[in-house]
Amino acid sequence: MKSRSLNERMAAAAQIYYEFKEVDIINNTIRSVIDREDDDGELKVDDGADAQQHFWDYVNEEVEEHFILQMKEFVDFSILGLMLEYRVAATTTFMTRQGKWLRARVVRCQQTQAGKVATFLWILEDISEERQQRDALIDVSNRVVAASKAKTAFLSTISNELRAPIDAVLGINDMILSETSEPQTVRYSESIRDASVDLLGMINDILDFSIIEAGKMEIVSKKYDFLELINDLVQTIKPQAEDKGLSFILDIDVNTPKDLYGDGLRVKQIMLNLLTNAVKYTTKGRIILTVASEKLDERHVGLHVSVKDTGQGIKDEDKSRLFVEFERIEEGRSSTVGGTGLGVTITQRLLELMGSNLEVESVYKLGSNFYFVLEQTVVHWEPIGDTVMPSIPAPENDSVLPHFISELPEVNMENGIKNNGDEESYLEALKVYASSVGKYIEEITEFLKADDLENATIKIHALKSTSRIIGAESIGELALALENAGKAGDKEKVENEVGVLLERCKALGQQLRPLLEPTASKEEAGDTGKPAISDEKLTEAYDKLRECAAACDSFGIEEVLAELGNYQLTEPQQGKMTDLSQAIDNFDFEKVSEILKEEK
């Protein structure tokens, strides 16, 4: 029984190994451990004396000529014996004259009392198929690398070739603008200029991306004036913001050193990319550029740079797409916004080259905050002073905020206004918090019940961001601690402490609920100045809302609600609009459909 089992194992080994022999170096003999058949089906037996000559003959007769010298050294007993004294096994690969790839392996078996090698196993394994698969993978890899290089070369070449004619168009167009005062010609010429500048910006993005992809982007450090850099940014961004009716506000630490050493050109490009994106995706409110400085040592400063906007914000599920090249978030919604989708990707790559990283906090419908910390060498510690634009102005006396907001213990109203840019934007942020916090609490609770720590952590992160943006800083810090615990997999800490967080959020949401109640005092007095809505117009609006709800089109619903806001509505109708708005804030389309069911 044991003999049959051994034979079966040996037969199985014979299917794997091309040769399997035991060699006695001391007696110079060789014997087959596994017998195998030759190509004609006859049993091959190579047992006998003069083992060394057997190997010489094998190498000379079977091994392809480019591998002969390699294999002669490998099977030389004088070398092999010494090698196996210090290691258990040795391996090499070679090709036969028939084109087969073999792996040769020698394994030490016995040693003399003096430590010399007495016997070893000689194993040959046919690896032709393995080699073919490896070569195929290498070929695919080489093709991918070649294709990537070709793409990079093409992008670089075409970008450079396109810049010259666009520069020519801009030059000729400037001549037209300087020589004509005819209004229509000026208007056309300005359109040509704006379109050409946008196109040149896209081409520059593609060129930068191709240089980064090719690994040829270099950080060139030299002395630069940080105050001059900020002023250049103001000159570029302020007109763009004003054209859209946006405020551009600087909040610059006056103690920031003026003369720094680093790649000022790339630092400016990074900040300009973030500011340009903020202007593109913001339709009302503020763009805030904040720079704080932190002295790291006698020669270095940390620049804490933040670009905040009151734009449309980013959904949680879209944040992972931010750093994907040629990808634009909310492309359908932002179809009028130009660009290649490379700005954030280039910014992140440049920051990585300078040892930093781009971070983002965003609340959908409230805005975004892109920030990073960059270490720079200080040439002189002379501060920039207060020569730049002032920080955010204090609220005017005619406040749009209800008085009770300033009395809420959880909320720092001053910081909330600063985070949002103005009181109107802050009021909108408070309303969004009041309408959405219940949804967040419900989702976090359900995810933890389902043992889904990852998604619970994502929602805690969202709760952190929304709390911070309204000035609920203590709640934000507690949420941050639990978010970090969730990321670290500390489920016990999250489960033990999340109850306190959710209770505080729930209480604050209830305190803010009065903000969601319709203010109907003027309507009751008939003093809205708005026309009454006809039954036909209202029915048409409800039909449109149903279509949008069925298609889960939140933007379409918002547009209809905004249009209805131009009419004088009854108190029940206004209440229904408020309920619809809250449902959309929570992306609860079932609730929208339920509200609209009773309207025929």
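Residues numbered from 1 in each chain as written. Predicted model: local features only at pLDDT ≥ 70, side-chain atom pairs only at ≥ 80, totals over all residues. Heavy atoms only, no water.

Q: Can you help me understand the packing of helix H13 (residues 473–487) against helix H14 (residues 491–512) in this one?
A: Two packed helices can be described by the angle between their axes and the distance between those axes. Where H13 contacts H14, the two axes come as close as 10 Å, and the packing angle between them is 150 degrees. Between H13 and H14, the angle falls in the class roughly antiparallel. Crossing angle aside, the handedness with which H13 passes H14 is left-handed. From H13, Ser-474, Ile-475, Leu-478, Ala-479, Ala-481, Leu-482, Ala-485 and Gly-486 reach across to H14, where they touch Lys-493, Val-494, Glu-497, Val-498, Val-500, Leu-501, Arg-504, Cys-505 and Leu-508. Across the contact of H13 with H14, the residue classes tally to 12 nonpolar, two polar and three charged. (Axes fitted to C-alpha atoms, helices over the stretch in contact; angles between N-to-C directions. Helix = DSSP H or I, 4+ residues; strand = E, 2+ residues; numbered from the N terminus. Parallel < 35°, antiparallel > 145°, perpendicular 65-115°, else oblique. Left-handed = near helix turned anticlockwise from the far one by under 90°. Contact = heavy atoms within 4.5 Å. Nonpolar A, V, L, I, M, F, W, Y, C, P; charged D, E, K, R; others polar.)

Q: Looking at this model, I keep getting lost on the nonpolar core. Mind explaining?
A: Soluble globular proteins: nonpolar side chains tend toward being buried together. The biggest cluster of nonpolar side chains holds 42 residues, and the ones touching the most others in it are Ile-230, Phe-248, Met-271, Leu-289 and Phe-372. Mapped by element, the contributors of at least two residues to this core are helix H7 (226–243), strand S10 (247–252), helix H8 (264–280), strand S12 (286–295), strand S13 (300–309), helix H9 (343–353) and strand S15 (367–383). Among the elements that take part in this core, H7 stands out by supplying eight residues, more than any other. Ranked by size, the runner-up nonpolar core spans 41 residues in total, among them Tyr-433, Ala-434, Leu-515 and Leu-516. (Core = buried A, V, L, I, M, F, W, Y, C linked by side-chain atoms within 4.5 Å. Buried < 20%, exposed > 50% of the residue type's maximum accessible area, 1.4 Å probe, protein only.)

Q: Just to check I follow, could you spell out the packing of aromatic side chains for this structure?
A: The description of an aromatic ring pair rests on the distance of the ring centres and on the angle between the ring planes. Summed over all chains, the structure comprises five aromatic pairs. Ring geometry for Phe-55 versus Trp-122: centroids 4.7 Å apart, planes at 70 degrees, classification edge-to-face. Here Phe-55, found in helix H2 (residues 51–62), pairs with Trp-122, found in strand S8 (residues 117–126); they are 67 residues apart in sequence, far enough to count as distant. Residue class for Phe-55 comes out buried when judged on its relative accessible area of 3%. For the pair Phe-74 and Trp-122, a centre-to-centre distance of 6.5 Å together with 50 degrees between the ring planes defines the contact as tilted. Highlighted residues: Phe-74 in helix H3 (residues 68–74) and Trp-122 in strand S8, separated in sequence by 48 residues. Per residue, the accessibility class of Phe-74 equals that of Trp-122, and both read buried. Grouped by ring-pair contacts, the aromatic residues Phe-55, Phe-74, Phe-77, Phe-120 and Trp-122 constitute a single cluster. Lying across the ring of Trp-101, Arg-131 places its NZ or CZ 3.7 Å from the centre. (Phe/Tyr/Trp six-rings, centres within 6.5 Å; stacked < 30°, edge-to-face > 60°. Lys NZ or Arg CZ within 6 Å of the ring centre and 35° of its normal.)

Q: I tried to follow the pattern of salt bridges on my own but got confused; where do I start?
A: Here the idea is simple: oppositely charged side chains can pair when their charged atoms come close. Enumeration over the complete set of coordinates arrives at 20 salt bridges. Ionic pairing is found between Glu-130 and Arg-103, a salt bridge with its closest N-O pair at 2.8 Å. With Glu-130 in helix H5 (residues 128–179) and Arg-103 in strand S7 (residues 101–111), the pair connects residues that are 27 residues apart, well separated along the chain. Note that Lys-268 and Asp-232 form a salt bridge whose closest N and O atoms lie 3.4 Å from each other. A residue pair is termed long-range when its members are at least 10 positions apart, and Lys-268 in helix H8 and Asp-232 in helix H7 qualify at 36 residues. The class of Lys-268 is partly exposed, set by a relative accessible area of 26%. Because the salt bridges share partners, they merge into one network encompassing Glu-361, Lys-464, Arg-468, Glu-477, Glu-483 and Lys-487. (Salt bridge = Lys/Arg side-chain N within 4 Å of Asp/Glu carboxyl O.)

Q: Quick question: what am I supposed to make of the environment of Asp-232 here?
A: Judged by relative accessible area, Asp-232 falls into the partly exposed class, the value being 29%. Taking the C-alpha atoms as reference points, Asp-232 and Lys-268, 36 residues apart in sequence, are found 8.6 Å from one another.

Q: Any chance you could explain the side chain of Glu-19 here in plain terms?
A: Mapped onto the elements, Glu-19 comes out in strand S1 (residues 17–24). By relative accessible area, Glu-19 is classed as buried at 8%. A distance of 3.1 Å separates a polar atom in the side chain of Glu-19 from a polar atom in the side chain of Trp-122. (Polar contact = N/O pair within 3.5 Å; in protein donor to acceptor, adjacent residues only side chain to side chain.)

Q: Can you help me understand helix H4 (residues 77–86) in this one?
A: Note: α-helices contain 3.6 residues per turn, so residues at a spacing of three or four share the same orientation. Within H4 the residues assigned to the buried category are Phe-77, Leu-80, Gly-81 and Leu-84. Buried residues of H4, viewed axially, fall in a sector of 100 degrees; they line one side. (Arc of directions from axis to C-beta.)

Q: It is not clear to me how helix H12 (residues 453–469) should be interpreted in this structure. Could you clarify?
A: With 17 residues, H12 extends 24 Å between its outermost C-alpha atoms, agreeing within 8% with the 24 Å of an ideal straight helix rising 1.5 Å per residue. The buried fraction of H12 is high, at 13 of 17 residues. Positive phi appears at Gly-471, one or two residues downstream of H12, with a value of about 90 degrees. (Expected span 1.5 Å × (residues − 1).)

Q: Honestly, unusual backbone geometry in this entry has me stumped. Any pointers?
A: Glycine aside, residues mostly have negative phi, and peptide bonds are mostly found in the trans state. Residues other than glycine seldom take positive phi values, yet Asn-28 does so here, at roughly 60 degrees. Relative to the assigned elements, Asn-28 resides in the loop between S1 and strand S2 (29–32). Residue Asp-451 is not a glycine yet carries a positive backbone phi of 60 degrees. Tracing the backbone through its elements, the reader meets Asp-451 in the loop between helix H11 (423–449) and H12.

Q: Honestly, the packing of H11 against H12 in this entry has me stumped. Any pointers?
A: For the pair H11 and H12, the least separation of the axes is 9 Å and the interaxial angle reads 160 degrees. By the angle class used here, H11 and H12 are roughly antiparallel. Relative to H12, H11 is oriented so that their crossing is left-handed. For the pair H11 and H12, the contacting residues are Tyr-426, Tyr-433, Val-437, Tyr-440, Glu-443, Ile-444, Phe-447 and Leu-448 in the first and Leu-453, Asn-455, Ala-456, Lys-459, Ile-460, Ala-462, Leu-463, Thr-466, Ser-467 and Ile-469 in the second. Here the residues of the contact of H11 with H12 sort into 13 nonpolar, three polar and two charged.

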